[in-house]
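Understanding the architecture of this molecule
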Amino acid sequence: MDMQLRKVTMDDAHCLFDWVNSPSSLNNKKKTTSLIGWQDHVNWLQNRIDHDSVVIFMLELGGVAVGQTRVELKKAGLIVDIFIAEQCRGRGYAVKALTLLKEAVHHLWPNKRLVAEIKQTNKSSIALFLKAGYQQVRLESGFCILENK
Ligand SMILES: CC(C)(COP(=O)(O)OP(=O)(O)OC[C@H]1O[C@@H](n2cnc3c(N)ncnc32)[C@H](O)[C@@H]1OP(=O)(O)O)[C@@H](O)C(=O)NCCC(=O)NCCS
């Protein structure tokens with residue numbers, strides 16, 4: 001499997017919009033749980049692309065987008081988000097993406113730890129991060145906090 005990470009551009013807005021508004025994305029989001037409007041999404045994406053503290057990567061196989069992963073630099077560390085398109089799940093793509101993400105952000109922020117804040121009910125994602133080498137450090141208000149140093 002030859003997966004590539006490339007930084008998103010505004011040309012990816014439609015694809016990311018469909019993904020963010022899919023049930024498995026909304027159900028597992030930290031804050032937003034209702035449908036996101038197009039203009040809010042465009043503003044959100046432009047803002048992220050313009051800021052050095054955020055990187056969003058498209059995950060591609062042979063030039064075809066299969067998902068996205070994002071890191072945002074916050075006080076707690078580099079907060080990770082990942083989404084794999086539903087029809088592409090269960091093939092090891094998310095584990096591969098988290099490995100590539102670690103390599104990519106290591107060059108940008110060598111001394112920062114990767115942190116995942118996953119709803120305790122999102123068992124498959126907790127299993128994913130554990131498989132990708134993250135360790136559970138604590139439970140916090142219904143979230144499982146995992147870190148990869
Ligand atoms: C979580 C998600 C990224 C997993 O993507 P994926 O490509 O299917 O994951 P992988 O195929 O790489 O699976 C890796 C491991 O994750 C765990 N896992 C993934 N899907 C699972 C499921 N449905 N049930 C149980 N464990 C699961 C398993 O441990 C799996 O390893 P295994 O196949 O050896 O058992 C995907 O389901 C998704 O996009 N979910 C919605 C968004 C989300 O919840 N993101 C996490 C919050 S940031």
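Rules behind the numbers
- Residues numbered from 1 in each chain as written.
- Predicted model: local features only at pLDDT ≥ 70, side-chain atom pairs only at ≥ 80, totals over all residues.
- Helix = DSSP H or I, 4+ residues; strand = E, 2+ residues; numbered from the N terminus.
- Buried ≥ 20, exposed ≤ 12 C-beta atoms within 10 Å, placed from the backbone.
- Contact = placed C-beta atoms within 7 Å.
- Core = buried A, V, L, I, M, F, W, Y, C linked by C-beta atoms within 7 Å.

A few words on the environment of C144. Summarising the element assignment, C144 is placed in strand β7 (residues 143-148). Under the C-beta neighbour-count criterion, C144 is labelled buried, with 22 such atoms within 10 Å. C144 sits 18 residues away from I126 along the chain, and the two C-alpha atoms are 7.6 Å apart. Setting aside its immediate chain neighbours within four residues, C144 contacts I118, Q120, I126, Q136 and L139.

One recurring pattern in soluble globular proteins: nonpolar side chains tend to sit buried together. Counting residues in hydrophobic clusters, the biggest one holds 24 residues, and the most contacted among them are V80, A116 and F129. Mapped by element, the contributors of at least two residues to this core are β2 (54-61), β3 (64-74), β4 (77-84), α4 (93-108), β5 (114-119), α5 (123-131) and β7. When residues in this core are grouped by element, the largest group, five residues, is from β4. Residues within four places of A116 in sequence aside, it is in contact with V80, F129, Y134 and L146.

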